[in-house]
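The residues making up each chain are set out below.
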Protein chains: 2
Amino acid sequence: MKEALRYGRRSLLSDDVPIGCVVVKNNKIIGYGYNKKEDLKNPTAHAEIMAISMAARHLNSYHLEGCDIYVTLEPCLMCVGAILNARIKNLYFGARNKRFGAVVSHQKIEKLITNHRINYEYGILERECASLITGFFSDLRKRSK
Amino acid sequence: MKEALRYGRRSLLSDDVPIGCVVVKNNKIIGYGYNKKEDLKNPTAHAEIMAISMAARHLNSYHLEGCDIYVTLEPCLMCVGAILNARIKNLYFGARNKRFGAVVSHQKIEKLITNHRINYEYGILERECASLITGFFSDLRKRSK
């Protein structure tokens, strides 16, 4: 999760909401991503989509069997769908996302009808993950005054 | 939808399940995509993700306000999430997808908790859209015998 946080900070370079993600297999990072929605003007350029795409390229397979994903913020519905499509085993996230989170917050993952089950755990480095985002929005408010 | 079908046939070049998609604004196609999951070995390389990304680049905006999306097959959960994130207005699809469709088939879109509402309609050129896929799988079975 520390590495996911490190990548998340890179979003700040393009004034994107800082969210970072890594995909891990056998204790090795095989994919990473950070939110580039603003930078690329692309609604699909979330950290998870980037990290999954990179990991799939690395494995030369669209199924990321035996892989875990670490993300600083609770994934949205699109990213939960991508995680399920990729057949990722374990999902770990730091902070909850009350507006868009599709695991435990806005939408509960158990209520989704899916072809694959993922295990998930959250609250990992929660304070650091949450303050990365709150810090960003507090700076943004200061700058726009 | 005819254009979506035309792009869908391009998936066949890489032995991908043929699914095509276009994003339309003011009667003009501003984005297109076709399934490249196998070609790119990427579980996120669905026709809709490609078409949305291209349309967003075209508009230089991650919100595709006032845009409609046409796709030959009912979108999966990831793609429904992407369509919602992009704030697309109307979704039109041809054939239903009983295994993965997240609008009316496997998952009902009304059961999802979302921040944006999309109108949808399906069954457009349904026979052509369905036979594009069934033809592909029937060829695949013949070849693998």
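Residues numbered from 1 in each chain as written. Chains lettered and ligands numbered in written order. Predicted model: local features only at pLDDT ≥ 70, side-chain atom pairs only at ≥ 80, totals over all residues. Heavy atoms only, no water.

Draft legend 1. Inspection of the relation of the copies chain B and chain A at higher detail. Aligned on chain A, chain B shows an RMSD of 0.0 Å; the corresponding rotation is 180° and the shift along the axis is 0.0 Å. Taken together, these values place the two copies in the relation of a two-fold axis. It is Met 78 of chain B whose C-alpha, among those of chain B, lies nearest the rotation axis, at 2.1 Å. Comparing interface residues between copies, 100% of those in chain B also lie at the interface in chain A; the contact surface is shared. (Least-squares fit on C-alpha atoms with pLDDT ≥ 70 in both. Contact = heavy atoms within 4.5 Å.)

Draft legend 2. Expanded view of the pattern of salt bridges. The tally for this structure, following the rule as stated, stands at six salt bridges over all chains. For Asp 15 of chain A, the salt bridge is made with Arg 143 of chain A, and the minimal N-O distance between the two is 3.5 Å. Highlighted residues: Asp 15 of chain A in the loop between helix H1 (2–10) and strand S1 (20–25) and Arg 143 of chain A in helix H5 (residues 126–143), separated in sequence by 128 residues. Across the salt bridge formed by Arg 6 of chain B and Glu 3 of chain B, the nearest N and O atoms sit 2.8 Å from each other. With a gap of three residues between them, Arg 6 of chain B and Glu 3 of chain B both fall in helix H1 (residues 2–10), about one helical turn apart. (Salt bridge = Lys/Arg side-chain N within 4 Å of Asp/Glu carboxyl O. Helix = DSSP H or I, 4+ residues; strand = E, 2+ residues; numbered from the N terminus.)

Draft legend 3. Representation of the sheet that holds strand S4 (residues 90–95) of chain A in the model. Residue and element names in this part refer to chain A. Strands sit in the order S2-S1-S3-S4-S5 across an open sheet of five strands; the sheet is mixed. Edge strands, defined here as strands with exactly one partner in the open sheet, are strand S2 (28–34) and strand S5 (119–122). The mean inter-strand angle of the sheet, taken between neighbouring strand axes irrespective of direction, is 15°. As paired strands, S1 and strand S3 (residues 68–73) are joined by four bridges and run antiparallel to one another. Its bridge partner being in S3, Val 24 is matched across the sheet by Asp 68. Of the strands in this sheet, S1, S2 and S3 are in contact with helix H3 (residues 47–59), which crosses S2 at around 145°. (Pairing = 2+ DSSP bridges. Axes fitted to C-alpha atoms, helices over the stretch in contact; angles between N-to-C directions.)

Draft legend 4. Fine view of the interface of chain B and chain A. On the side of chain A, 31 residues touch chain B, which itself brings 31 residues to the contact. The contact between chain B and chain A buries some 2800 Å² in all, and 61% of this surface belongs to carbon and sulfur atoms. Here chain B is connected to chain A by zero salt bridges. Elements with a minimum of two residues in the side of chain B that touches chain A: helix H2 (37–40), helix H3 (47–59) and helix H4 (77–85) of chain B. Tallying contributions element by element places H4 of chain B first for the side of chain B that touches chain A, with six residues. When its residues are assigned to classes, the side of chain B that touches chain A shows 14 nonpolar, 12 polar and five charged. (Buried area = accessible area lost by both parts, 1.4 Å probe. Nonpolar A, V, L, I, M, F, W, Y, C, P; charged D, E, K, R; others polar.)

Draft legend 5. Representation of helix H4 (residues 77–85) of chain A within the structure. Counting buried positions along H4 of chain A yields nine of nine residues, so the element is predominantly enclosed. Those residues of H4 of chain A that sit buried are Leu 77, Met 78, Cys 79, Val 80, Gly 81, Ala 82, Ile 83, Leu 84 and Asn 85 of chain A. For H4 of chain A, the secondary structure elements touched by its buried residues are H3, S3 and S4 of chain A together with H4 of chain B. Where H4 of chain A terminates, the next one or two residues include Arg 87 of chain A, which has phi positive at roughly 55°. (Buried < 20%, exposed > 50% of the residue type's maximum accessible area, 1.4 Å probe, protein only.)

Draft legend 6. Region of the structure containing the side chain of Asn 35 of chain B. Residue and element names in this part refer to chain B. With respect to the helices and strands, Asn 35 occurs in the loop between strand S2 (28–34) and H2. Take Asn 35: its relative accessible area is 5%, and that puts it in the buried class. Of the polar contacts made by the side chain of Asn 35, one reaches the backbone oxygen of Val 17; its length is 3.0 Å. Filtering out sequence-adjacent residues up to four positions away, Asn 35 remains in contact with Ser 11, Asp 16, Val 17, Ile 19, Ala 45, His 46 and Ala 47. (Polar contact = N/O pair within 3.5 Å; in protein donor to acceptor, adjacent residues only side chain to side chain.)

Draft legend 7. Inspection of the UniProt feature "active site" (unreviewed entry) in chain A at higher detail. All names here are of chain A. Mapped onto the present numbering, the UniProt feature "active site" (unreviewed entry) falls on Glu 48. One can find Glu 48 in helix H3. Classification of Glu 48 by relative accessible area gives buried; the value is 4%. The residues contacting Glu 48, other than those within four sequence positions of it, are Cys 21, Ile 69, Val 71, Leu 73, Pro 75 and Cys 79. (UniProt positions renumbered as here; feature names shortened; annotations may be inferred.)

Draft legend 8. Expanded view of the UniProt feature "binding site: Zn(2+)" (unreviewed entry) in chain A. Feature annotation in UniProt assigns "binding site: Zn(2+)" (unreviewed entry) to the following positions: His 46, Cys 76 and Cys 79 of chain A. A maximum C-alpha distance of 9.2 Å among these annotated residues, which run over 34 residues, shows that they cluster at one spot. On the accessibility criterion, His 46 of chain A (15% relative accessible area) is buried. When neighbours within four sequence positions are excluded, His 46 of chain A is seen to be in contact with Asn 35, Lys 37, Cys 76, Met 78 and Cys 79 of chain A together with Asn 85 of chain B. Examined against the element boundaries, Cys 79 of chain A turns out to sit in helix H4. Excluding anything up to four places from it in sequence, Cys 79 of chain A contacts His 46, Glu 48 and Ile 49 of chain A.

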